[in-house]
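Observations on the model geometry
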Amino acid sequence: MFSRDEIIGTLSLAGSVALFSTVEIASKIIGPRVDPIVLTFIRFFVTGLFLILISLPMLRLRPEPFSLRDYGVFLMNGLIGITLALSLFHTAILVLDKAASAAVIFCINPVFVVILARYINQEPWSNRKWIAVFLGLAGVFCFAYESGGFALHSLQGLSLMVLAAFLFALSTCISRRVVGRYGAPILMGFSSLAGSMLLLPLAATRIEPTGLAHIIGAAAPILYVTLMGTSLAYFLYYYGLLNTSAQRGGMVFFLKPVLASLLAVWILGETINLYMLGGIALILSALFLELLLEMRLRNLSSA
């Protein structure tokens with residue numbers, strides 16, 4: 001029997017992934033009205049403040065204030081995971097034809113974690129890991145045919161999204177090394193705030209005289225992406241991890257490619273062709289292998 005906390009935690013994880021799955025849809029609705037750099041700044045500046053606010057009780061319990069080294073960790077993680085990775089993510093959404101493509105391709109980031117964790121987290125490689133990497137990359141390439149035939153702009157968008165996923169995976173590996181020192185909400189909150197502030201000078205130059213009118217015109221989807229798709233989604237995800245397990249947190253992310261694709265069909269009227277279905281199947285297979293490996297390593301370490 002599952003405990004009450006475990007049930008609530010699992011529902012929180014499912015809710016967080018459902019909200020994460022809508023980010024690409026809402027970003028497509030916003031479209032070119034708002035520059036992707038500006039959108040990334042708004043999204044993570046607000047999220048950073050929100051996560052720091054809910055982390056205040058934990059911050060008060062810290063025996064000593066943050067050092068320059070701690071702020072350096074937040075700055076580096078924010079630079080890689082927010083300033084670079086997520087600004088590329090939002091840029092790629094505009095280049096790709098379909099929101100479903102953007103959502104599925106970005107889900108490849110756990111496969112890149114397999115490669116990077118060998119050097120950053122001293123996790124071993126295996127033949128099964130390399131099979132996961134091959135399946136994931138093959139699945140990603142299928143999305144160059146998202147329009148039904150090979151398209152150069154789809155390949156460009158795919159390249160941007162793969163780079164975003166790689167950088168996000170790098171940020172994930174860095175976070176794994178230091179998250180125990182701070183706790184996930186504190187690390188994500190300060191990293192988000194640092195990453196957004198690094199974007200501020202560039203974002204300020206991207207707002208044209210008519211840009212504010214466009215931002216106001218897209219206020220509803222911007223608020224949704226910021227408050228629901230990011231701030232609330234991260235809160236539910238961390239709450240769910242606190243009351244369940246990392247394995248279950250990884251398992252529910254299998255919902256994201258499928259759910260995002262279904263939402264794109266329902267809300268945006270997109271179509272899913274055979275190439276995209278093949279890509280989704282290959283990426284889900286890669287994620288499944290990666291999750292099995294992580295669970296096996298955890299079981300061996302706890303034995």
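This text goes with the structure placed above it.
Figured I'd write up the structure that's included with this text. (Residues numbered from 1 in each chain as written. Predicted model: local features only at pLDDT ≥ 70, side-chain atom pairs only at ≥ 80, totals over all residues. Heavy atoms only, no water.)

A separate point is the overall build of the chain. Per the secondary structure count, the chain includes 15 helices and zero strands. Here the contacts in the chain between residues at least 6 apart in sequence split such that 89% fall between residues at least 24 apart. Of the roughly 14,200 Å² of accessible surface on the chain, a fraction of 72% belongs to carbon and sulfur atoms. (Helix = DSSP H or I, 4+ residues; strand = E, 2+ residues; numbered from the N terminus. Contact = heavy atoms within 4.5 Å. Areas by Shrake-Rupley, 256 points an atom, 1.4 Å probe, with all protein chains shown as cover.)

Looking now at the packing of aromatic side chains. Tallied over the entire structure, the rule returns 14 aromatic pairs. Between Phe74 and Tyr182 the ring centres are 4.9 Å apart and the planes differ by 55 degrees, which places this aromatic pair in the tilted class. Separated by 108 residues along the polypeptide, Phe74 in helix α5 (residues 68–95) and Tyr182 in helix α9 (residues 152–182) bring together distant segments of the chain. Residue classification places Phe74 among the buried positions, given a relative accessible area of 2%. Among the residues examined, Tyr182 registers a relative accessible area of 4% and is labelled buried. These aromatic residues form a ring-pair network of at least three members: Phe66, Tyr71, Phe74, Tyr182 and Phe190. (Phe/Tyr/Trp six-rings, centres within 6.5 Å; stacked < 30°, edge-to-face > 60°. Buried < 20%, exposed > 50% of the residue type's maximum accessible area, 1.4 Å probe, protein only.)

Here we take up the pattern of salt bridges. Inspection of every chain in the model, using the stated rule, returns two salt bridges. We note a salt bridge from Arg181 to Asp70, for which the minimum N-O separation is 3.8 Å. Separated by 111 residues along the polypeptide, Arg181 in helix α9 and Asp70 in helix α5 bring together distant segments of the chain. For Asp70, a relative accessible area of 8% translates into the label buried. (Salt bridge = Lys/Arg side-chain N within 4 Å of Asp/Glu carboxyl O.)

The terminal C-alpha atoms of α5, which comprises 28 residues, lie 39 Å apart, in line with the 40 Å expected from a rise of 1.5 Å per residue. The sharpest bend along α5 measures roughly 35 degrees and falls at Leu79. (Expected span 1.5 Å × (residues − 1). Bend = angle between axes of the 7 residues up to and from the residue.)

Attention now moves to a nonpolar patch on the surface. Taken together, the side chains of Leu53, Ile54, Leu56, Phe235 and Tyr239 present a nonpolar region at the surface, about 400 Å² in accessible area. Residue assignment for the nonpolar patch shows that the elements contributing at least two residues are α3 (36–54) and α12 (219–243). Looking at Phe235, the relative accessible area reads 34%, which means it is partly exposed. (Patch = residues over 30% accessible without salt bridge, like charges linked within 9 Å, V, L, I, M, F, W, Y side chains within 5 Å.)

It is worth spelling out the packing of α9 against helix α10 (residues 184–206) at this point. Direction vectors running N to C along α9 and α10 enclose 115 degrees, while the axes themselves pass 7 Å from each other. Considering their axes alone, α9 and α10 lie roughly perpendicular with respect to each other. Seen along the crossing, α9 lies across α10 with a hand that is right-handed. Only Ala184, Ile186 and Leu187 of α10 make contact with α9, whose side of the interface consists of Ser175, Val178, Val179 and Tyr182. Its residues assigned to classes, the contact of α9 with α10 shows six nonpolar, one polar and no charged. (Axes fitted to C-alpha atoms, helices over the stretch in contact; angles between N-to-C directions. Parallel < 35°, antiparallel > 145°, perpendicular 65-115°, else oblique. Left-handed = near helix turned anticlockwise from the far one by under 90°. Nonpolar A, V, L, I, M, F, W, Y, C, P; charged D, E, K, R; others polar.)

Honestly, that's just the spatial picture; any functional story needs more than this.
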